[in-house]
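Chain by chain, the residues run as shown.
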Amino acid sequence: MCGHFELDPEPVGGWPGAPFAPSGTFDGKVVDTKMAKQMSFAARWGSACGRAFDAQRFLAEHPQFDWMKGILESRPSQPWTEFRAGEK
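Fair warning: this is a prediction, and the values are worked out from it, not measured in the lab. (Residues numbered from 1 in each chain as written. Predicted model: local features only at pLDDT ≥ 70, side-chain atom pairs only at ≥ 80, totals over all residues. Heavy atoms only, no water.)

1. Concerning the sheet that holds strand β3 (residues 81-84)
What links the strands of a sheet is backbone hydrogen bonding, and the strands pair in either a parallel or an antiparallel sense.
Step number 1: What the three strands build is an open sheet, ordered β1-β2-β3; its pairing is antiparallel. Edge positions in the sheet fall to β1 (27-30) and β3, since each has one partner strand and no second. Neighbour to neighbour, the strand axes of the sheet diverge by 30 degrees on average, direction disregarded. (Pairing = 2+ DSSP bridges. Helix = DSSP H or I, 4+ residues; strand = E, 2+ residues; numbered from the N terminus. Axes fitted to C-alpha atoms, helices over the stretch in contact; angles between N-to-C directions.)

2. A closer look at the confidence of the model for the protein chain
Step number 1: Scored by pLDDT, the protein chain has a mean of 89; 95% of the residues are at 70 or more.
Step number 2: Averaged pLDDT values for the elements of the protein chain fall to 91 in β1 and rise to 97 in helix α1 (residues 33-37). (pLDDT = per-residue confidence, 0-100.)

3. What to know about the side chain of Ser 47
Step number 1: Looking at where Ser 47 falls in the secondary structure, it is placed in the loop between β2 (40-45) and α2 (55-61).
Step number 2: Sequence-distant contacts of Ser 47, that is, excluding residues within four places in its chain, are made with Cys 2, His 4 and Thr 25. (Contact = heavy atoms within 4.5 Å.)

4. A closer look at the pattern of salt bridges
Step number 1: One pass over the full model with this rule turns up three salt bridges.
Step number 2: Residue Lys 29 pairs with Asp 27 through a salt bridge whose shortest N-O separation is 3.1 Å.
Step number 3: Exposure remark for Asp 27: the relative accessible area of 31% places this residue in the partly exposed category. (Salt bridge = Lys/Arg side-chain N within 4 Å of Asp/Glu carboxyl O. Buried < 20%, exposed > 50% of the residue type's maximum accessible area, 1.4 Å probe, protein only.)

5. Structural notes on the packing of aromatic side chains
Step number 1: Evaluated as defined, the whole model comprises three aromatic pairs.
Step number 2: Centroid distance Phe 41 to Phe 83: 5.5 Å. Interplanar angle 25 degrees. Geometry classified as stacked. Note that Phe 41 is positioned in strand β2 and Phe 83 in strand β3, a separation of 42 residues in sequence.
Step number 3: The class for Phe 41 is partly exposed, based on a relative accessible area of 36%.
Step number 4: Ring pairs connect the aromatic residues Phe 53, Phe 58 and Phe 65, which therefore count as one cluster. (Phe/Tyr/Trp six-rings, centres within 6.5 Å; stacked < 30°, edge-to-face > 60°.)

So this is what it looks like as structure tokens:
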């Protein structure tokens, strides 16, 4: 699953409940039976679909969220990575 409320012109329930609210998914994790038996899973930091989020660009396009300057962070696209129990 992947959420991109920052692209939605309709208000979405919950915080902040405004059009184009900068919220959605921050990471994605998946596991199947084979991976579970091997005590592993795959994860991606950022949107599960791989879409990057550019905070500066977002704030320039949506000045109603200027109050988030300095706290809203960009999320570059990251690769899917597999993690296994016991790895360091």
